[in-house]
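Below are the chains, spelled out letter by letter.
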Amino acid sequence: MLHTIHNDVMTVTIDELGAQLMSITAADGTEYLWNGDPAYWTGRAPNLFPYVGRLTNDRYAYGGKEYEMTRHGFAKRTAFSPADQGRANLTLRMTDTPESRESYPFSFRFDVSYVLEGDTLAVVYAVENRGHETMYFGIGGHPGFRVPLEEGKRFEDYRLTFARPSRPCRVLLSDSYMLSGHDAPYPLEDGTTLPLRHSLFDDDAIILKNFERTMTLSAGEGTHGLTLSCPQMRYLGIWHQPKTDAPYVCLEPWASLPSRQDVVEDLTQQNDLISLEPGQRYENRWTITIF
């Protein structure tokens, strides 16, 4: 089932399946979100939980047992239930089930909230540990944005501009898209700017760390664009379908990373996962501002 929230600036549509954004439309009719064209990528803006990226052999270890989980976790394939809705806000909720505990043996509640605040859409993740043992998880967003955003522009006219100069590192992946164990400097033009071109993604996603956490996607002054801010996220994925001319780019704020190559990770030992004590609540807020 689809839900719509709106204000004077934009209208946002969200699907209960995966609590996924389906549309971000400005008052002037401009659509910002990728449309899920299967010729390139059927996703639009998956929510990644309780793991980000791939696990070696789709498996991990916990408590002396191995469990199976596919890429980016199971939230994106789960039907959420409405927990709260107003004209300009919506909270969708997922809780553990006997089926989820077969692949993830924790009792939890996961809320995804969307809140319109003028020209900004806030996305709020809230995770509650409802069990009796420490819970370990990864979490992140995967929104795809249309590029170009308007007629007369090309993909190559757009650039990603970070709010302040920084010296990010690229987290390098293996040939099978797992962590290689190596990083490399990823210099930006003037310390702030990454011009887009399709060949950037020929080797799959660019995953950055030590980056400035507010960034703008646009083709310059006077054009439609957006700013994404993710102050609580340690990593940023930048991606479109490799070796294609896909007319979108994903800006993916992640709190954690995929598995190491050929290592069946023990959740208690993967140091970038979030650990949450019984009865505690974790919250992470990131935003999309359109202009």
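Residues numbered from 1 in each chain as written. Predicted model: local features only at pLDDT ≥ 70, side-chain atom pairs only at ≥ 80, totals over all residues. Heavy atoms only, no water.

1. Considering the environment of Q232
Next, step 1: Here Q232 lies in the loop between β20 (226-229) and β21 (235-239).
Next, step 2: The spacing of Q232 and Y282 is 50 residues in sequence and 11 Å in space, taken between C-alpha atoms.
Next, step 3: When sequence neighbours within four positions are dropped, the list of residues in contact with Q232 reads R213, E283, N284 and R285.
Next, step 4: In terms of polar contacts, Q232 uses its side chain to reach the backbone amide nitrogen of R285, at 2.8 Å. (Helix = DSSP H or I, 4+ residues; strand = E, 2+ residues; numbered from the N terminus. Contact = heavy atoms within 4.5 Å. Polar contact = N/O pair within 3.5 Å; in protein donor to acceptor, adjacent residues only side chain to side chain.)

2. A word on the pairing of strand β10 (residues 120-129)
Next, step 1: Across the 10 residues of β10, nine count as buried, placing the element largely inside the fold.
Next, step 2: Two elements, strand β9 (residues 108-117) and β10, share 10 bridges in a ladder whose sense is antiparallel. Following the sheet pairing, L116 is matched in β10 by L121.
Next, step 3: In sequence, β9 turns back onto β10 through a hairpin of two residues, with G118 there showing a positive phi of about 65 degrees.
Next, step 4: The pairing of β10 with strand β24 (residues 281-290) spans nine bridges and is antiparallel. Looking at β24, one finds that T120 is bridged to T289. (Buried < 20%, exposed > 50% of the residue type's maximum accessible area, 1.4 Å probe, protein only. Pairing = 2+ DSSP bridges.)

3. Looking at the pairing of strand β15 (residues 169-173)
Next, step 1: Here four bridges tie β15 to strand β16 (residues 179-185), and the two strands are oriented antiparallel to one another. When the sheet's bridge partners are listed, R170 is paired in β16 with A184.
Next, step 2: Connecting β15 to the antiparallel partner β16 that follows it, the hairpin turn spans five residues, and Y177 within it adopts a positive phi of roughly 65 degrees.
Next, step 3: As paired strands, β15 and strand β18 (residues 206-209) are joined by two bridges and run antiparallel to one another. Looking at the pairing, C169 lines up with K209 of β18.

4. Quick look at the environment of L90
Next, step 1: Considering the arrangement of structural elements, one finds L90 in strand β8 (residues 89-95).
Next, step 2: L90 gets classed as buried once you look at its relative accessible area, which sits at 1%.
Next, step 3: Through-space distance from the C-alpha of L90 to that of Y114 is 5.3 Å; in sequence the pair is 24 residues apart.
Next, step 4: Contact partners of L90, with chain neighbours within four places excluded, come to H3, I5, I14, D84, Q85, V112, S113 and Y114.

5. What about the sheet that holds strand β3 (residues 20-26)?
Next, step 1: One open sheet holds the three strands; their spatial order is β1-β2-β3, and the pairing between them is antiparallel. Looking at which strands have only one partner, the edges of the open sheet turn out to be β1 (2-6) and β3. Strand after strand, the sheet turns through a mean of 20 degrees between neighbouring axes, direction not considered.
Next, step 2: Examined bridge by bridge, β1 and strand β2 (residues 10-15) share five bridges and lie antiparallel to one another. Looking across to β2, one finds that H6 is bridged to T11. (Axes fitted to C-alpha atoms, helices over the stretch in contact; angles between N-to-C directions.)

6. Thoughts on the pattern of salt bridges
Next, step 1: The full count for this structure, using the stated rule, is 13 salt bridges.
Next, step 2: Residue R260 is joined to E265 by a salt bridge in which the shortest nitrogen-to-oxygen separation is 2.9 Å.
Next, step 3: For R260, a relative accessible area of 43% translates into the label partly exposed.
Next, step 4: The class for E265 is buried, based on a relative accessible area of 3%.
Next, step 5: Three or more residues are tied together by salt bridges with common partners; here these are R59, E66 and E68. (Salt bridge = Lys/Arg side-chain N within 4 Å of Asp/Glu carboxyl O.)

7. A short note on the packing of aromatic side chains
Next, step 1: Throughout the structure, instances matching the rule amount to 20 aromatic pairs.
Next, step 2: Ring centres 6.3 Å apart and planes at 75 degrees place the aromatic pair W34 and Y40 in the edge-to-face group.
Next, step 3: Exposure remark for Y40: the relative accessible area of 22% places this residue in the partly exposed category.
Next, step 4: Measuring from ring centre to ring centre gives 6.0 Å for W239 and Y248, while their planes differ by 55 degrees; the resulting arrangement is tilted. Exposure class is identical for W239 and Y248. Each is buried.
Next, step 5: One Lys or Arg, R213, reaches over the ring of F211 and ends 5.9 Å from the middle of that ring. (Phe/Tyr/Trp six-rings, centres within 6.5 Å; stacked < 30°, edge-to-face > 60°. Lys NZ or Arg CZ within 6 Å of the ring centre and 35° of its normal.)

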